[in-house]
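Residues per chain, in single letters:
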Amino acid sequence: MNKLRIGICGWGNVATGLFKTLQTNADQIKKRCNLEIEIIAIGARRDNPKCDPGNAIIERDIFKIMDHDIDVLVELIGGVDVARDLILKALNNKKNVVTANKAVIFNHGDELFSVANKNGVKLLYESSVCAGTPIIKLLNQELAASKISKISGMLNGTSNYILSNMEEGMEFEPTLKLAQEKGYAEPDPSFDIEGTDAAHKIGILSSLAFGSSLPPKDFYIEGINGIHKSDFEYAHEMGFTIKHLAVAKLTNNSIDLRAHPALVKLDSYLANLKGVRNGIEVETDLLGTLHIAGSGAGQEATASGVISDLIYLSDSKIKDVNNINESIELVKFIDLNFQYYFYIEASDVSDAMPSISSIFTNKGVSIESISQKENLNNDLVPIIIITDLLKEKDHHELVNNLLELDSVNTVRSIRIEAQ
Ligand SMILES: NC(=O)c1ccc[n+]([C@@H]2O[C@H](COP(=O)([O-])OP(=O)(O)OC[C@H]3O[C@@H](n4cnc5c(N)ncnc54)[C@H](OP(=O)(O)O)[C@@H]3O)[C@@H](O)[C@H]2O)c1
């Protein structure tokens, strides 16, 4: 079993989420990665009543964390200046660093990566963009052979939540208040609604995909606070909706980098991602357009990204084919329950309807909706039925019973896959 010894700096939302997730998912990490992650010390300038740190050593001075025998320092304090000093000191002390801090990577990424390189250690930052949704490693590793021409998407969950509610008819101020009550927006939400948070993230993605410098020199940033509810009505009439988009696009040898509200086609992939979700489109030469979406904030989602960096650093080989769990069996298909769509062609509909309905009733299957469509040329009438859940093993018999009716000519059925 590989072991990784870590020290965590910061004892807030993400740090306590990481601590809890490392406990609850320890077996999963051991089983899949043959890895044990041990928290040696935590830098917390005060206790957090929401989390008991167990046996971990508590240091009130976060800079003392790197004096312990650790392989990785996990920076979760946020902010720029102290975080930069902390990361620099850790890297110069030959400690690997994992951070979730987009602000420090955006403002000082170039300097920090070069110091990491110089010291032969790594600085990883998966959860700094879209929390644990794996976009950094996707760009860095999986897409390494592809040329990327454009990255665009909604990179701030709070803005997307507010705009999605405004699309449903709410005004800006009440929906911002709702976002704060639900814990999506910070008490000071300016970074989210003024577009800065999304700008930091697209700046980081652009540096990865196109090699642009950090911080970028030319950047247009606009937030969502100028959008009105009525803008959605006018946009809809023309087949659009409004999203806060962050864009990095390579044209010839220059990069178009911006973050601002934009009209997007109603039937597009991004238009249909609502609420706090983040969504990104990556245009590549080899794979065409790739879509990735997921939770862009929250304790567990962010912990997931931090742990993925820790697993990467541990150089553990993730087990795949021989990861067999003897106690897991496949559910028998005939024991599953599905709602069904039925298409039935019947003649003499006034007589047929009651007999068709009684076939369903006799099997104990409720009908959620039934509708009769226009006559076909051959005088048969299509009837569309949506059922409630029915047992898969009853389905064949149901179809056979329907086909036995004199008035029924054709029966087709399709399972409905619930979300
Ligand atoms: N929350 C999310 O959903 C999310 C998602 C992705 C990325 N992130 C990133 O994760 C990082 C942490 O976010 P968070 O939500 O966990 O923030 P948080 O709840 O405010 O926690 C920050 C922690 O760092 C401590 N801290 C801050 N400055 C410090 C200093 N100078 N010296 C010592 N301790 C200091 C704070 O201590 P006090 O309590 O004493 O102030 C607190 O324990 C940020 O970079 C954030 O951008 C967060």
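In this text the structure is predicted, and so the values were computed from the model without any measurement.

Conventions we followed
- Residues numbered from 1 in each chain as written.
- Predicted model: local features only at pLDDT ≥ 70, side-chain atom pairs only at ≥ 80, totals over all residues.
- Near = placed C-beta within 6 Å.
- Helix = DSSP H or I, 4+ residues; strand = E, 2+ residues; numbered from the N terminus.
- Nonpolar A, V, L, I, M, F, W, Y, C, P; charged D, E, K, R; others polar.
- Domains from an automatic or database assignment.
- Core = buried A, V, L, I, M, F, W, Y, C linked by C-beta atoms within 7 Å.
- Buried ≥ 20, exposed ≤ 12 C-beta atoms within 10 Å, placed from the backbone.
- Contact = placed C-beta atoms within 7 Å.
- Axes fitted to C-alpha atoms, helices over the stretch in contact; angles between N-to-C directions.
- Parallel < 35°, antiparallel > 145°, perpendicular 65-115°, else oblique.
- Left-handed = near helix turned anticlockwise from the far one by under 90°.
- Pairing = 2+ DSSP bridges.
- Right-handed = clockwise from strand over helix to strand, strands pointing away.

### Notes on the site of the ligand
Around the ligand lies a shell of 22 residues, among which G10, G12, N13, V14 and G78 are the nearest. With three residues, the top contributor of residues to the shell around the ligand is helix α1 (residues 13–24). Partitioning the shell around the ligand into residue classes produces ten nonpolar, nine polar and three charged.

### Looking at the domain arrangement of the protein
Each assigned domain of the protein is listed here: domain 1 (2–128), domain 2 (136–295) and domain 3 (333–416). For domain 2 versus domain 3, the separation of C-alpha centres amounts to 45 Å.

### Examining the nonpolar core
Ranked by internal contacts, the top residues of the largest apolar core, which has 89 residues, are V74, I202 and L205. Per element, the largest residue contribution to this core is seven residues, and it comes from helix α9 (residues 196–210). Here this core spans two domains, since at least three of its residues come from each of domain 1 (2–128) and domain 2 (136–295). Beyond its immediate stretch of four places on either side in the chain, I202 contacts I151, L155, A246, V247, A248, L257 and A259. The next biggest cluster of nonpolar side chains, apart from the first, holds 14 residues, and it includes A352, F360, V381 and L398.

### So, the packing of α1 against helix α11 (residues 299–314)
Contact geometry for α1 and α11: axes closest at 8 Å, N-to-C directions at 70°. In this view, α1 runs roughly perpendicular relative to α11, as classed from their interaxial angle. Seen from above, α1 lies across α11 with right-handed handedness. Contacts between α1 and α11 involve N13, V14, G17, L18 and T21 on the former and, on the latter, Q299, E300, T302, A303, V306 and I307. A breakdown of the residues in the contact of α1 with α11 according to their chemical character gives five nonpolar, five polar and one charged.

### So, the environment of I224
Of note, I224 is situated in the loop between β8 (220–221) and α10 (229–237). Using a count of 24 C-beta atoms within 10 Å as the deciding quantity, one classes I224 as buried. Here the alpha-carbon distance between I224 and V365, two residues 141 residues apart in the chain, equals 49 Å. Setting aside chain neighbours within four positions, we find I224 in contact with S159, I162, L163, I193, H244 and P261.

### Here we look at the sheet that holds strand β4 (residues 72–75)
With parallel pairing, the six strands of this open sheet are ordered in space as β3-β2-β1-β4-β5-β6. The strands lining the two open edges of the sheet, one partner per strand, are β3 (57–59) and β6 (123–124). In this structure, strand β1 (residues 2–9) lies alongside β4, joined through four bridges in parallel fashion. Among the inter-strand pairings, G7 is bridged to a residue of β4, identified as L73. Contacts from α1 reach β1, β2 (35–43) and β4 within the one sheet, and its direction differs from that of β2 by about 145°.

### Re the sheet that holds strand β9 (residues 240–251)
Sheet strands pair via backbone hydrogen bonds, and the direction of the pair is either parallel or antiparallel. One open sheet holds the six strands; their spatial order is β8-β10-β9-β7-β11-β12, and the pairing between them is mixed. The outermost strands of the open sheet, each flanked by one partner alone, are β8 and β12 (288–295). Summarising the sheet, strand β7 (residues 148–154) and strand β11 (residues 277–284) pair through six bridges and their orientation is antiparallel. Bridge pairing in β11 links S152 to E281. Its contacts with the sheet put helix α6 (residues 157–167) on β7, β9 and β11, and the angle it makes with β9 is roughly 145°.

### Points about unusual backbone geometry
Across the chain, the bulk of peptide bonds are trans and the bulk of non-glycine residues have phi less than zero. The omega torsion of the bond from L214 to P215 falls at -5°, within 30 degrees of zero and hence cis. Here P215 shows up in the loop between α9 and β8. With phi around 55°, N34 is a residue other than glycine that occupies positive phi space. Located in the positive-phi region is C130, a residue other than glycine, with phi close to 60°. Inspection of the secondary structure puts C130 in the loop between β6 and α5 (136–142). Classification of C130 as buried rests on a count of 31 C-beta atoms within 10 Å.

### Things to note about the pairing of β9
A large share of β9 lies buried, amounting to nine of its twelve residues. Relative to β9, β7 runs antiparallel, the two sharing four bridges. Note that in β9 the partner of G153 across the bridge is A246. Two strands pair when backbone bridges link them, and β9 and strand β10 (residues 254–265) are joined in this way by twelve bridges, in the antiparallel orientation. Its bridge partner lying in β10, F240 is registered against K265. Remark: two residues form the turn of the hairpin made by β9 and β10, two consecutive strands paired antiparallel; N252 in that turn has positive phi of roughly 50°.

### A word on the pairing of β4
Neither face of β4 is left uncovered, since the one carrying V72 and V74 and the one carrying L73 and E75 both have all their residues buried. Bridge count for β4 against strand β5 (residues 96–99) is four bridges, and the pairing is parallel. By the bridge assignment, L73 is partnered in β5 with V97. In terms of handedness, the path from β4 via helix α3 (residues 81–92) over to β5 forms a crossover that is right-handed.

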